[in-house]
Amino acid sequence: MTTRILSGIRPTGHIHLGNYLGAIRSWVSMLDQVDERLFCIVDQHALTTAEDAKDLRKNTLTIAAAYIASGIDPVKNHIFVQSHVPAHTELAWYFNCITPMGWLSRMTQFKDKAGKNKDQTMTGLFVYPALMAADILIYKATHVPVGEDQKQHVELTRDIAQAFNNYVENNFFPLPEPIIKSETARIMSLRDGLKKMSKSDPSDYSRIHLLDDNETIELKIRKAKTDTDPIPGLVNNLEQRPEAKNLLSLYALFTNSSLAKVIQEFEGKQFSEFKPKLAEATISHLAPIRDAMIKLLADEAMLLQHLKKGADAANTIAKKTIKDVRSALNMV
Ligand code: AQP
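Model, not experiment: these values are computed from the prediction.

**A short note on the packing of aromatic side chains**
So, point 1. One pass over the structure, following the stated rule, counts 14 aromatic pairs.
So, point 2. Judged by centre distance (5.1 Å) and plane angle (75 degrees), the rings of Trp-27 and Tyr-67 are edge-to-face. Of this pair, Trp-27 sits in helix α1 (residues 17-29) while Tyr-67 sits in helix α3 (residues 56-69), and the two are 40 residues apart along the sequence.
So, point 3. With a relative accessible area of 0%, Trp-27 lands in the buried category.
So, point 4. Residue Tyr-67 is classed as buried on the basis of its relative accessible area, which comes to 0%.
So, point 5. Here Tyr-251 and Phe-274 contribute two aromatic rings whose centre-to-centre distance is 5.5 Å and whose plane-to-plane angle is 65 degrees, an arrangement assigned as edge-to-face. Of this pair, Tyr-251 sits in helix α10 (residues 242-254) while Phe-274 sits in helix α12 (residues 271-298); the two residues are 23 residues apart in sequence, bridging distant segments of the chain.
So, point 6. One aromatic cluster in this structure is built from Phe-95, Phe-164, Phe-172 and Phe-173.
So, point 7. It is Lys-140 that lies over the ring of Phe-172; its NZ or CZ is 4.3 Å from the centre.

**Concerning the site of the ligand**
So, point 1. Residues in contact with the ligand amount to 24 residues; listed here are only the nearest, Asp-149, Lys-196, Ser-198, Lys-199 and Ser-200.
So, point 2. At 2.8 Å from an oxygen atom of the ligand is found a side-chain nitrogen or oxygen belonging to Arg-10.
So, point 3. Here an oxygen atom of the ligand sits 2.8 Å away from a polar atom, N or O, in the side chain of Lys-113.
So, point 4. When the ligand is considered free in solution it has 640 Å² of accessible area, and contact with the protein chains removes 97% of it.

**Here's the deal with helix α7 (residues 123-137)**
Each full turn of the α-helix corresponds to 3.6 residues, which orients residues three or four apart in the same direction.
So, point 1. For α7, which comprises 15 residues, the first-to-last C-alpha distance of 21 Å matches the rise-based estimate of 21 Å (1.5 Å per residue) to within 8%.
So, point 2. At Pro-129, α7 shows its strongest bend, of approximately 40 degrees.
So, point 3. Buried within α7 we find Leu-125, Phe-126, Tyr-128, Pro-129, Ala-130, Leu-131, Met-132, Ala-133, Ala-134, Asp-135, Ile-136 and Leu-137.

Reading guide: rules and limits
- Residues numbered from 1 in each chain as written.
- Predicted model: local features only at pLDDT ≥ 70, side-chain atom pairs only at ≥ 80, totals over all residues.
- Heavy atoms only, no water.
- Phe/Tyr/Trp six-rings, centres within 6.5 Å; stacked < 30°, edge-to-face > 60°.
- Helix = DSSP H or I, 4+ residues; strand = E, 2+ residues; numbered from the N terminus.
- Buried < 20%, exposed > 50% of the residue type's maximum accessible area, 1.4 Å probe, protein only.
- Lys NZ or Arg CZ within 6 Å of the ring centre and 35° of its normal.
- Near = heavy atom within 4 Å.
- Polar contact = N/O pair within 3.5 Å; in protein donor to acceptor, adjacent residues only side chain to side chain.
- Areas by Shrake-Rupley, 256 points an atom, 1.4 Å probe, with all protein chains shown as cover.
- Expected span 1.5 Å × (residues − 1).
- Bend = angle between axes of the 7 residues up to and from the residue.

Quick look at the structure:
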C-alpha cells in the first residue's frame with residue numbers, strides 16, 4: 001500500500017516551539033519512511049478565528065519558511081497553501097452534508113474556543129473539523145502526524161470517511177491513522193504547566209517563537225515559571241510539578257536524552273542552575289532554523305515559487321479525487 005502523510009499548521013500568530021516539536025520535527029523524522037508527503041499551511045482554518053488572522057499573508061510565508069528551514073525539502077515534498085487548492089472547500093461542503101451537528105458539537109477545541117457564547121460563534125469555527133477532514137481525505141492520506149490536541153479531529157475524520165463510504169456504498173476513502181509521538185505530544189506553556197503552549201495565549205512569555213533571537217529565548221527561559229524545590233531524582237516526583245517537568249522534558253528533547261537521564265544529571269540542583277543549560281541547548285537547536293528562516297523570508301519570490309510547485313502537485317491529486325467524488329455522488 002502507498003503511504004501518504006498530510007499535516008498542516010494554521011498561520012495565526014507566532015509559530016512556536018510547540019508547533020515545531022509537536023508537529024514539524026516529528027514530520028521531519030518520518031520523511032524517509034513515507035512514499036508521499038504533503039505539508040499544508042491551512043490559511044482557511046486561520047479565518048475561523050478571524051481576530052488571529054490579521055497578518056495572514058506574513059504568517060503564511062513564515063510557516064512555509066519554518067517548514068523548509070526545519071528540513072522539509074520543497075523539491076521532494078509538497079509544501080502548499082490550503083486556499084491554492086480549491087477542492088478542499090468543495091469536499092468540505094459534501095462532508096458538511098453527511099456530518100451530524102452532534103459530532104461537531106462534541107469537539108473539545110470548539111467548546112474551548114467558543115466558550116459560553118455559542119450563539120455568537122461563527123459557523124466556520126463549528127464546521128472547521130469537516131474542512132480538516134477534507135484537507136486529509138482529498139489526498140486519501142493514510143497517516144496524519146499531529147500533536148495530542150488534534151487527535152479528536154483525526155478521529156472525526158475517520159468517522160466522516162466512514163459515513164461517506166457508507167453513503168456511496170463503496171470503500172472510497174481510506175481511514176487515516178493519527179501519528180502522535182508521546183514525548184512531544186503536548187509541549188506546555190512556560191507560564192502555566194497545565195496549559196499547552198499556544199499561539200493564542202496573550203503572553204509572549206508563555207512560548208518560544210521560532211523567530212525569537214538568542215537573547216529573547218534566554219530571557220523567556222529565565223522567566224519561565226518553576227518552583228523553589230530542587231530537581232528530584234525520580235520522574236514520579238515530578239507529577240505534581242508540571243512546569244518543572246515541562247522544562248526538564250524540553251532539555252531531554254534538545255539533547256536527545258530521556259527525562260530519567262536528565263533528572264539524574266541535575267538531581268538536587270536548583271532551577272537557577274538548570275535554566276542556563278536549557279537556554280543553551282534550546283538556542284543551539286533553534287538558532288540555525290531561525291537563521292535559515294530569515295534567509296528564506298528575504299527571498300519572497302523564491303518562497304512563492306516553492307509554494308506554487310507544491311500547489312501544482314497537490315491540485316493534480318485533489319482534482320482527481322474531487323472528480324471521483326462527484327461521480328460517486330451521482331452528480332452530472
Ligand atoms: N503545545 C503543543 N504541543 C505539541 N503540539 C502542538 N501543536 C500545537 N501546539 C502544540 C501542534 O501543532 C500543529 C499545528 O497546530 P495549529 O496551528 O494547526 O493549531 P493549534 O493546535 O490550535 O495550535 P496553537 O498554537 O494552539 O494555535 P491556537 O492558539 O491558534 O489554537 C498541530 O499538529 C498541533 O497538534
